[in-house]
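# Understanding the architecture of this molecule
Listed below are the residues making up each chain.
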Amino acid sequence: MKKIKYIFASLLLSSFLACDTDYINDPDNPVTAPSTQLVTSAQFNLAYELNNQWTGARATLAFAQYWADEFYTDENRYALRVSQVDDLWQEPYLILTDLKKVIELNEDPQTAVLMSTYGDNNNQIQASRIMMAFTFSKLVDTFGNVPYWSYGQKDNTAFEALRLKEGINSPAYTDAKTIYEDLLIELLDAANKIDISKPVYKEGDHIYRSPDGMTGEKWVKFAHSIRLRLATHINKYDNALAMSVYNESNTKAFTSNEDNAVFKYGTDDITGGPWHNAFTVEARKDFGPALSFTDLLYNRVGPFSSITEEDPRVTKYFDPIGTTEIIGIPYGFGNAVARAVENESIPSSEIIKPDYNQNLLSYAEMEFIRSEFNGWNQTNYENGVKASMMFWGVSDTDADNYVTMLPVANEENVLTQKYIALYMDGLEAWTEYRRTGYPNTLTVPGDTFGSATFTTLVPGLNTIPNRVNYPQKEQLLNNSNWDTARQGLSDGDTMMSKLFWDVN
């Protein structure tokens, strides 16, 4: 399966990059890969490998209870496979390796001139730093302390990740709080150093596509928007720092859906998205909506029960099968309960189509963050709901009608709508639940469904997980550093240990 995946990725890159192969004097035997190929590889993996049927559907999308599994429900009870944990760990480091190489190619005097034909050297470096920060944040929010490296502190010997060339193949782990603090600095510095009068990536950029590469303003907004996301993560842990970051970046972050960081897949089986691959190419029917989520969208549970109409996004998120209603699968109650569901719905055709738009970071999310930092502001709250609906293709009339029926903004209402809007970003929704406890409509261990009780398959775990265990490979190949990291966790290397920002 792994071999097939990498063949698939290689073919995809070839498809994306067929436009220009004159890398050096001999296009058939390039000495140095173009930076744009590495950028495409990194962006594709960021969108695909961290949001596919193994890392997404059976892991983060399941943790957030957007989706539930019908046939193989062990992961819904938190018994992740070894290969899933490996992917959640190693895929980000492969992404980071590509991005670090982009930086090196643009700094090395022997390759910088060639790389400048693909975009301004400096801007390529800064955009790569932004994507590296975004990727490292996902690692931290999944595991906690991890091996780390940053461009701004590349001479810091305590940051040992991505230094294989220097002989460091068993890197030390960096404290998660230290990483967060450095990420905030990295993002600000990279944003400040982008020259918006010069191109970033003339080709290979599938987040902000532009034939001339003049996307500097978009990348600056992306950096500041990531800073707002990280600020809200630490808001309950260190409000002073969070407010400082918010005040620095708020006016420079996303201001409309046009700013969204979206990876658009290709139109065929090779370049198509992960859900086209899972549902169409592999013809899998394993996944459907979690019942807790469909009940929320139909206002049967949660703070919007006074609204007489269902959320219009429900039929944008899912397609019905054999019925007019979206049918969800009870989450966490085992195979018998899940398999007894008839006519369970599937993800919508917009998600399953090859050229699906994977939203990496959105304007809607920024508006919910602004609402939180502005004391649960009503206007930002409504803006967030409307922006989410517009992104998913809800009509202006239906969106406006729904917004007029919303109850007033408060912590529960804003964060529950934020959860609904984060659909298809399972990691961020799971992070929001861990830091806030919202939405309070998720099925949790101990809940019952008929005669079935939700019990986890992880000894000692009686809540939704707080983190993912480190890969077993780390215990074998990096034992000393793993052991140090394990001892720094509240409950050891278990799903029970909380991350530093999780003070809920």
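Structure: above.
Residues numbered from 1 in each chain as written. Predicted model: local features only at pLDDT ≥ 70, side-chain atom pairs only at ≥ 80, totals over all residues. Heavy atoms only, no water.

Bringing the layout of surface pockets into the picture now. As a volume, the largest pocket reaches approximately 780 Å³. Tyr-93, Thr-97, Leu-162, Leu-164 and Pro-171 are the residues nearest the centre of the largest pocket, which is lined by 26 residues in total. Ranked by residues supplied to the lining of the largest pocket, first place goes to helix 4 (residues 82–107) with 10 residues. Across the lining of the largest pocket, the residue classes break down as 12 nonpolar, 4 polar and 10 charged. As for the second largest pocket, its lining consists of 19 residues, of which Asn-260, Val-262, Lys-264, Asn-357 and Phe-391 are closest to the centre. Residues that form the lining of the second largest pocket fall into these classes: 7 nonpolar, 6 polar and 6 charged. (1 Å grid on protein atoms, 1.4 Å probe; cavity = no way out; pocket = protein on both sides within 12 Å on 5 of 7 lines; lining within 4 Å. Points joined across faces, edges and corners; volume = space filled by probe spheres on them. Helix = DSSP H or I, 4+ residues; strand = E, 2+ residues; numbered from the N terminus. Nonpolar A, V, L, I, M, F, W, Y, C, P; charged D, E, K, R; others polar.)

Now for the nonpolar core. With 148 residues, the main nonpolar core has Tyr-66, Trp-67, Trp-219, Phe-222, Trp-275 and Tyr-423 as its most contacted residues. It is helix 6 (residues 121–143) that provides the largest number of residues to this core, a total of 11 residues. Residues within four places of Trp-219 in sequence aside, it is in contact with Gln-43, Ala-127, Ile-130, Met-131, Ile-194, Val-200, Tyr-201, Asp-205, Ile-207 and Tyr-208. (Core = buried A, V, L, I, M, F, W, Y, C linked by side-chain atoms within 4.5 Å. Buried < 20%, exposed > 50% of the residue type's maximum accessible area, 1.4 Å probe, protein only. Contact = heavy atoms within 4.5 Å.)

Here the focus is the pairing of strand 6 (residues 357–361). The element strand 6 is largely enclosed, with a buried count of 4 among its 5 residues. Relative to strand 6, strand 2 (residues 261–264) runs antiparallel, the two sharing 4 bridges. Each residue of the ladder has a partner; that of Phe-263, found in strand 6, is Gln-358. (Pairing = 2+ DSSP bridges.)

The subject of this paragraph is helix 2 (residues 35–48). With 14 residues, helix 2 should cover 20 Å at 1.5 Å per step; its first-to-last C-alpha distance of 20 Å lies within 8% of that length. Here helix 2 lies mainly inside the structure; 13 of its 14 residues are buried. (Expected span 1.5 Å × (residues − 1).)

Moving on, we come to helix 10 (residues 274–281). With 6 of 8 residues buried, helix 10 is to be regarded as a mostly interior element. Positive backbone phi, at 55°, marks Ala-283, one or two positions downstream of helix 10.

Now for the side chain of Arg-77. For Arg-77, the location among the structural elements is in the loop between strand 1 (67–69) and helix 4. In this structure, Arg-77 is buried with no salt-bridge partner, the nearest side chain bearing the opposite charge being Asp-74 at 5.0 Å. At 2.8 Å, the side chain of Arg-77 and the backbone oxygen of Thr-455 are in polar contact. For Arg-77, the contacting residues outside a window of four places in its chain are Gly-332, Gly-334, Phe-454, Thr-455, Thr-456, Leu-457 and Val-458. (Lys, Arg positive; Asp, Glu negative; His and termini not counted. Salt bridge = Lys/Arg side-chain N within 4 Å of Asp/Glu carboxyl O. Polar contact = N/O pair within 3.5 Å; in protein donor to acceptor, adjacent residues only side chain to side chain.)

Okay, the packing of aromatic side chains next. Applying the stated rule across the entire model yields 46 aromatic pairs. Each ring, one from Tyr-317 and one from Trp-392, has its centre 4.9 Å from the other, and the planes form 75°; the classification is edge-to-face. Of the two residues, Tyr-317 sits in helix 12 (residues 314–317) while Trp-392 sits in the loop between helix 16 (378–391) and helix 17 (396–405), which places them 75 residues apart along the sequence. Across the pair, exposure class does not vary: Tyr-317 and Trp-392 are buried alike. Here the aromatic rings of Trp-392 and Tyr-423 are separated by 5.8 Å at their centres, their planes lie at 45°, and the arrangement is tilted. Here the residue Trp-392 occupies a position in the loop between helix 16 and helix 17, and Tyr-423 occupies one in the loop between helix 18 (411–421) and helix 19 (426–436), the gap between them amounting to 31 residues. Tyr-423 shares its class with Trp-392; the two are buried. Chaining the aromatic ring pairs together yields one cluster made of Tyr-66, Phe-293, Tyr-317, Phe-318, Phe-391, Trp-392, Tyr-419 and Tyr-423. The ring of Trp-149 has Lys-100 lying over it, and the distance from NZ or CZ to the ring centre is 5.1 Å. (Phe/Tyr/Trp six-rings, centres within 6.5 Å; stacked < 30°, edge-to-face > 60°. Lys NZ or Arg CZ within 6 Å of the ring centre and 35° of its normal.)

So, about the packing of helix 2 against helix 6. One can describe the packing of helix 2 onto helix 6 by two numbers: an axis separation of 12 Å at closest approach and a directional angle of 25°. As far as their axial angle goes, helix 6 and helix 2 are roughly parallel. As helix 2 runs across helix 6, the sense of the crossing is left-handed. Contacts between helix 2 and helix 6 involve Ser-35, Val-39, Gln-43 and Leu-46 on the former and, on the latter, Gln-124, Met-131, Phe-134, Thr-135 and Lys-138. Here the residues of the contact of helix 2 with helix 6 sort into 4 nonpolar, 4 polar and 1 charged. (Axes fitted to C-alpha atoms, helices over the stretch in contact; angles between N-to-C directions. Parallel < 35°, antiparallel > 145°, perpendicular 65-115°, else oblique. Left-handed = near helix turned anticlockwise from the far one by under 90°.)

The next subject is the pattern of salt bridges. Under the definition given, this model contains 32 salt bridges. Among the ionic pairs, Glu-104 bridges to Lys-100, the shortest N-O distance being 3.0 Å. Pair noted here: Glu-104 and Lys-100 are both in helix 4, with a separation of 4 residues, about one helical turn. On the accessibility criterion, Glu-104 (27% relative accessible area) is partly exposed.

Moving on, we come to the environment of Glu-474. As for its placement among the helices and strands, Glu-474 is situated in helix 20 (residues 472–477). Given a relative accessible area of 12%, Glu-474 falls into the buried group. In this structure, the C-alpha to C-alpha distance between Glu-474 and Tyr-419, residues 55 residues apart in sequence, is 33 Å. Apart from the residues lying within four places of it in its own chain, the contact partners of Glu-474 are Trp-89, Tyr-173, Asn-479 and Trp-482. A distance of 2.5 Å separates polar atoms of two side chains, one belonging to Glu-474 and the other to Tyr-173.

Two elements in contact, helix 4 and helix 6, have axes whose closest approach is 9 Å; the angle formed by their N-to-C orientations is 165°. What the angle tells us is that helix 4 and helix 6 run roughly antiparallel. Crossing geometry of helix 4 relative to helix 6 is assigned as left-handed. Taken together, the residues that form the contact of helix 4 with helix 6 break down as 16 nonpolar, 5 polar and 3 charged.

Treat this as a map of the structure, not an account of what it does.
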